[in-house]
Amino acid sequence: MNPSTEHSCGSAAHLSRRTLLKWGALGGMTWLTPLARTLARAEEKAPRGKPAKAVILLWMAGGPSQLETFDPHPGKSIAHGAKSIKTAQSGVLVGEGLDQIASLMNDITLVRSVVSKEADHERAVYNVKTGYRPNPTVIHPSIGAVICHQLPEDPLDIPRHISILPENWPARGGYLGAQYDAFQVYDPQGPIQDVVAQVDSKRLDQRMSNLAVVEKAFAVGRPSNLESNRTLHQLSMTRALKIMSSAQLAAFDVKQAPASQRAAYGDTPFGRSCLAALRLIETGVRCVEVTLSGWDTHVNNHKQQQRNIQILDPAFAALLRDLKQRNLLDSTVVLCGGEFGRTPKLNPLEGRDHWPYGFSVAIAGGGFRAGHVKGATDPEGEKKEPTDPVRVEDLHATIQHSLGINPEKELITPVGRPLTLSDGRILRDLLRVGSRG
């Protein structure tokens, strides 16, 4: 008996993909060839391994310099004296001051060849957060909104999409709806705003009863779907009350963490926010965005980059260590990057300007390869195009794939326009073999 068919009855339903592919390749079974090809394509696209469950985006607002962080060129003229250090990954250097990150480089993939066509802050933020370039006819959802829309609802009282220390352009739900906007909070050292009632429970109940009367009167004569399609008044109120009474709010309270753990992240708003991100992911939140601003260094680049590096290094490293220690790193994608990089040459004010032609992001966890470097920029700074360029769209498609989301899936916008979740292609060389590569 043919070993490949000994456990098959021979019906189409029981033929394995491998069997069909083999028969198709023999040539004598030409009727199978189209089917075999279809199955081959399906197998190529089929995700492997367990998908990730969550994303933490460490958002470097303003655009960090790749030359002082994840793509240094020490000794070259474009370094302008910036130094680098060795990492745990042989032959891979990072910028001076990233000592703790350097020690964890075996857990991190560096993409040094990200390219976009957006050099304006607002447009570039939109591009990197949504995976699409701005278009006046549609507002695209951010990656966190896509994740929360596509992955199953979780039994959470608190929002599944959270932005800590948000700046001008926080993550939005776009055409998916405002219910997918990120819940915005600030330094977790203080209380979370707007989640504690300003009156006692009896008076709160009376206010809610009065509000119900107003809502009922408001609905008279208006479209029946006004609440679900436009205002979301009642939904927002229901969710707000649920949050206000939830024990899960404790995830924001980093003061409950041991002092040694808090110290490891650094006594900064960003450090505390990264610790809060860990606690939120442990609670079941799908996407947390944590912003570290101050990277827009048109003046005194080296000094300002170093100031931010000192904040980033302990927080990023502690987050990775804690996720790994809790067996959460494989199920959580951590991406660190901004809207673009900085120019190879210093301007007259010793600053670096905007540079979308080959900048860096660091990615860890979630089935991504570890200790890997993709792409390279010109060490002389003369060529704009990097080696092995990676489009922003491709990063989005790959992250979605790592979460078990099909980036080619098409959604219909509220105005009836079909749009795929991503226009990018999955970069399988960024994924760990045997995970979802």
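That block above? That's the structure.
Because the structure is a prediction, the values reported are computed rather than measured.

**Q** Even after reading the chapter, I still don't get the nonpolar core, so can you show me in this structure?
**A** One recurring pattern in soluble globular proteins is that nonpolar side chains are buried together. In this structure, Leu58 and Phe316 are the most contacted members of the largest nonpolar core, which totals 58 residues. At 9 residues, helix α11 (residues 301-325) tops the list of elements feeding residues into this core. If we ignore the near neighbours within four places in the chain, the residues touching leucine 58 are Phe270, Cys274, Val290, Phe316, Leu319, Val334, Leu335, Cys336 and Gly337. Core analysis: the next-biggest nonpolar cluster, separate from the first, contains 40 residues, Val55, Trp59, Val111 and Ile143 among them.

**Q** I tried to follow unusual backbone geometry on my own but got confused; where do I start?
**A** With glycine set apart, most residues show a phi of negative sign, and most peptide bonds adopt trans. The phi torsion at asparagine 327 lies on the positive side, around 55 degrees, for a residue other than glycine. Mapped onto the elements of the fold, asparagine 327 is located in the loop between α11 and β8 (332-337). Judged by its relative accessible area of 68%, asparagine 327 is exposed. Of note in the backbone geometry, glutamate 350 takes a positive phi value of approximately 60 degrees without being a glycine. Among the secondary structure elements, glutamate 350 is positioned in the loop between β9 (341-342) and β10 (354-355). Using a relative accessible area of 51% as the deciding quantity, one classes glutamate 350 as exposed.

**Q** Would you mind going over the side chain of threonine 332 with me for this structure?
**A** Within the secondary structure layout, threonine 332 lies in strand β8. Assessed through its relative accessible area of 1%, threonine 332 is described here as buried. From its side chain, threonine 332 meets the backbone oxygen of leucine 328 in a polar contact 2.8 Å long.

**Q** Sorry, what's going on with the packing of aromatic side chains here?
**A** Two numbers describe a pair of aromatic rings. These are the distance of the centres and the angle of the planes. In total, this model carries 2 aromatic pairs according to the counting rule given. With a centroid separation of 4.9 Å and an interplanar angle of 80 degrees, the aromatic rings of tryptophan 355 and tyrosine 357 are classed as edge-to-face. Here lysine 129 stacks its cationic end above the ring of tryptophan 59, 5.0 Å away from the centre of that ring. Sitting over the face of the ring of tyrosine 357, lysine 384 holds its NZ or CZ atom 4.3 Å from the ring centroid.

**Q** Quick question: what am I supposed to make of the side chain of glutamate 339 here?
**A** Mapped onto the elements, glutamate 339 comes out in the loop between β8 and β9. The buried charged residue glutamate 339 lacks any salt bridge partner; its closest oppositely charged side chain belongs to arginine 342, at an N-O distance of 6.6 Å. Among the polar contacts listed, one links the side chain of glutamate 339 to the backbone nitrogen of glycine 63, at a separation of 3.4 Å. Dropping the residues within four chain positions of it, glutamate 339 is found in contact with Trp59, Met60, Ala61, Gly62, Gly63, His121, Ala124, Val125, Val128 and Phe359.

Calculation criteria
- Residues numbered from 1 in each chain as written.
- Predicted model: local features only at pLDDT ≥ 70, side-chain atom pairs only at ≥ 80, totals over all residues.
- Heavy atoms only, no water.
- Core = buried A, V, L, I, M, F, W, Y, C linked by side-chain atoms within 4.5 Å.
- Buried < 20%, exposed > 50% of the residue type's maximum accessible area, 1.4 Å probe, protein only.
- Helix = DSSP H or I, 4+ residues; strand = E, 2+ residues; numbered from the N terminus.
- Contact = heavy atoms within 4.5 Å.
- Polar contact = N/O pair within 3.5 Å; in protein donor to acceptor, adjacent residues only side chain to side chain.
- Phe/Tyr/Trp six-rings, centres within 6.5 Å; stacked < 30°, edge-to-face > 60°.
- Lys NZ or Arg CZ within 6 Å of the ring centre and 35° of its normal.
- Lys, Arg positive; Asp, Glu negative; His and termini not counted.
- Salt bridge = Lys/Arg side-chain N within 4 Å of Asp/Glu carboxyl O.

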